[in-house]
Amino acid sequence: MVTGYDVIGDVHGSATKLAGLLDVLGWTAGADGRRRHPDGDRTVVFVGDLIDRGDEQRAVLELVRAMVDAGDAQIVMGNHELNALAWATPNPDRPGRFLRGHTAKNRRQHAAFLTQLDDDERASWLAWFRTLPLWLDLGGLRVVHACWHTDAMAVVQEEVGGARFPDGPDGDALLQRALTPGTPLFRAVEILCKGPEIDLRRYGLPPYRDKGGHTRHVARVRWWTAEPTSVRDVVDIPQGTTTLDGAPYPDLPDVPCLEADRRHCYTDDVPVVYGHHWRRWEPEHGMDWTPRTACVDFSAVVGGPLVAYRFEGEPFVDPTHYERYPSA
Ligand SMILES: [Mn+2]
């Protein structure tokens, strides 16, 4: 019986860090090459985003796939796997186009995967990505890439019949709908894999300029805040954000947030581990971890450590259960 989970954050093609973290966690390779844990009753869970950015795409995929196939690991889909599927899926309404546009920006984001693997390899990995669940409910522990969101899951449950797309033509059609912008299924899957967003205009807040220089009217939601009362508790404006004229973004007002936005927040009593948020080590209380949520994405591919949360059955997140590689 499985009693423990080692939940590993966004790997993004960093096989060296992944091997180092597995060693730290006690998953050492035997003579047959298979990594096993000495306790025997542990399972690794990957939060998704295995691909893109890093130099070791193939090595990461092969290592993770081997652990999953051996029954030593499970994995949920990240937005990068989802985007890879959309990149490769023809747009039925626009011949020659794909459901994720082959723009220069999207190509840059996907370049490591596109260039380090040949066509046949990519096709075979995409066939595997297609089978990955959007979330895992492991009993005392929940895992999702970006946000545990009951309403979004209900939409997926209703349309897809479960957390993963079925095999065969019906499953293909569902996946296509999930990858088509504007459909309710697309919006639900976006919330799970990319996180919910909040419209700043609802609160009379100005737009900001994102990292790419684009004007943005929506911001990420701090869905891990269990009892938000004000806009300040739910809207996530990263430090250093500016308005369109380059001024520092104003302090968020201490005014009540709307019920619709409050619904993004996680109030269940089962711990959730997730990734996606490009945080910086070390885990900050109230932001990276709360009593019921733990983020494990600390930007491994841009200089941060690869991070895991070691779950032992505890009902509340324990920040001493974070592990990382490298440790300094
Ligand atoms: Mn992500």
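Below, the structure is looked at part by part. (Residues numbered from 1 in each chain as written. Predicted model: local features only at pLDDT ≥ 70, side-chain atom pairs only at ≥ 80, totals over all residues. Heavy atoms only, no water.)

With that settled, the discussion passes to the packing of helix 6 (residues 150–160) against helix 8 (residues 184–194). Where helix 6 meets helix 8, the axes come as close as 8 Å, and the angle between the chain directions of the two elements is 130°. If you check the angle between helix 6 and helix 8, you find them oblique. Judged by the sense of rotation from one axis to the other, the crossing of helix 6 with helix 8 is left-handed. For the pair formed by helix 6 and helix 8, the contact residues are Ala-152, Met-153, Val-155, Val-156, Glu-159 and Val-160 on the first element and Pro-184, Leu-185, Ala-188, Val-189, Ile-191 and Leu-192 on the second. Class assignment of the residues belonging to the contact of helix 6 with helix 8 gives a composition of 11 nonpolar, no polar and one charged. (Axes fitted to C-alpha atoms, helices over the stretch in contact; angles between N-to-C directions. Helix = DSSP H or I, 4+ residues; strand = E, 2+ residues; numbered from the N terminus. Parallel < 35°, antiparallel > 145°, perpendicular 65-115°, else oblique. Left-handed = near helix turned anticlockwise from the far one by under 90°. Contact = heavy atoms within 4.5 Å. Nonpolar A, V, L, I, M, F, W, Y, C, P; charged D, E, K, R; others polar.)

Counting residues in hydrophobic clusters, the biggest one holds 79 residues, and the most contacted among them are Ile-8, Phe-46, Leu-50 and Phe-129. Of the residues that make up this core, three or more belong to each of domain 1 (4–195 + 269–325) and domain 2 (197–263). The residues contacting Phe-129, other than those within four sequence positions of it, are Ile-51, Leu-61, Met-77, Glu-81, Ala-84, Leu-85 and Phe-113. Within the second largest apolar cluster, 19 residues are counted, among which are Val-7, Leu-141, Val-273 and Tyr-309. (Core = buried A, V, L, I, M, F, W, Y, C linked by side-chain atoms within 4.5 Å. Buried < 20%, exposed > 50% of the residue type's maximum accessible area, 1.4 Å probe, protein only. Domains from an automatic or database assignment.)

All right, on to the sheet that holds strand 6 (residues 135–137) then. The five strands lie next to each other as 6-7-14-16-15, forming an open sheet whose pairing is mixed. Edge strands, defined here as strands with exactly one partner in the open sheet, are strand 6 and strand 15 (289–290). (Pairing = 2+ DSSP bridges.)

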